[in-house]
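Read off the chains here:
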Amino acid sequence: MEKTHAQDIVKAATALRASLLVVLTRVDDLCDLIERTPRTEPEAVAVHATAGYQLRLDRATYSLHWETRVCVLGHTMAFELMERLCRRPNEYIQMDRLIDELWSGPRTYSTVRSTVCRLRGKLRVAGMTDLAALIDGDTRGHYRLRLIAR
């Protein structure tokens, strides 16, 4: 009788785990839908960063403002990538997710890496070497914008 009871408990726990995975997947899908909802007018993304510096992306001008400096990225994948990283500072984002969200089609990891390289290059040219260094790709298959958000 004890063996049957233990089997029932294992079966119930397995079913519960499967249900939780479905719920977590649905919540993740909902967050993706919210992030992809088109906006009626351009909005600026503001992130308060380390030591009181503020980083702001302006979708109306496709520019990035860091401290007193401005870098116009234009309507490019570099801008889209930076905007995505700014929406969740300090959070690692898988390259597969970036590909799905930004390119909406099959791409390779080298596409993401080359876009990050171009973004860092544009930031360095604009005198934002310190900000370029905060784009963290040290964790394999992931990128993040390493900021301390307030």
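Below you will find a few notes about this structure. The model shown is predicted, which means the values in this text are computed figures rather than measured ones. (Residues numbered from 1 in each chain as written. Predicted model: local features only at pLDDT ≥ 70, side-chain atom pairs only at ≥ 80, totals over all residues. Heavy atoms only, no water.)

What to know about the overall build of the chain
What counts is decided by this rule: Each helix is a run of DSSP H or I of at least 4 residues and each strand a run of E of at least 2, with the numbering of both proceeding from the N terminus. Any two residues having at least one pair of non-hydrogen atoms within 4.5 Å are treated as being in contact. Note on areas: Shrake-Rupley, 1.4 Å probe, and residue coverage restricted to the protein chains presented here.
When you go through the chain residue by residue, the secondary structure sums to five helices and seven strands. A separation of at least 24 residues holds for 50% of the contacts in the chain among residues at least 6 apart in sequence. If you sum the accessible surface of the chain, you get close to 9,500 Å²; carbon and sulfur atoms cover 58% of it.

A word on a nonpolar patch on the surface
For clarity, the cut-off: Grouping into patches uses exposed residues only, defined as over 30% relative accessible area, and leaves out salt-bridged ones; the cut-off is 9 Å for like charges and 5 Å for nonpolar side chains (Val, Leu, Ile, Met, Phe, Trp, Tyr). What counts as a salt bridge is simple: a side-chain nitrogen of Lys or Arg found within 4 Å of a carboxyl oxygen of Asp or Glu.
Where nonpolar side chains cluster on the molecular surface, the patch consists of Leu30, Leu33 and Ile34 and spans about 320 Å² of accessible area. With respect to the helices, strands and loops of the structure, Leu30 is situated in helix 1 (residues 2-36).

Let's talk about the packing of helix 2 (residues 77-87) against helix 3 (residues 95-103)
Rules: Axes here refer to lines fitted to C-alpha atoms; in helices the fit is confined to the stretch in contact. Angles between the N-to-C directions go from 0 to 180 degrees. Here roughly perpendicular refers to angles of 65 to 115 degrees, roughly parallel to angles under 35, roughly antiparallel to angles over 145, and oblique to all remaining angles. Each crossing is labelled by how the near helix is turned from the far one, with a counterclockwise turn of less than a right angle marking it left-handed and a clockwise turn marking it right-handed.
Between helix 2 and helix 3, whose axes approach to 11 Å, the crossing angle comes to 125 degrees. One way to sum up the angle between helix 2 and helix 3 is to call them oblique. You can see that helix 2 and helix 3 cross each other, and the crossing is right-handed. Across the interface between the two elements, Met77, Glu80, Leu81 and Arg84 from helix 2 touch Arg97, Leu98, Glu101, Leu102 and Trp103 from helix 3.

Quick word on the packing of aromatic side chains
Rule in force here: Aromatic contacts are taken between Phe, Tyr and Trp rings whose centres are within 6.5 Å, Trp giving its six-membered ring; a plane angle under 30 degrees counts as stacked, one over 60 as edge-to-face, and the others as tilted. Here's how the labels work: a residue is buried when its accessible area is under 20% of the maximum for its type, exposed when over 50%, partly exposed in between, all with a 1.4 Å probe on protein chains only.
Taken as a whole and assessed by the stated rule, the structure comprises one aromatic pair. Seen from their ring centres, Tyr62 and Phe79 are 5.1 Å apart, and the 80 degrees between their planes marks the pair as edge-to-face. On the criterion of sequence distance, the pair formed by Tyr62 in the loop between strand 2 (54-58) and strand 3 (63-66) and Phe79 in helix 2 is long-range, its members being 17 residues apart. Judged by its relative accessible area of 0%, Phe79 is buried.

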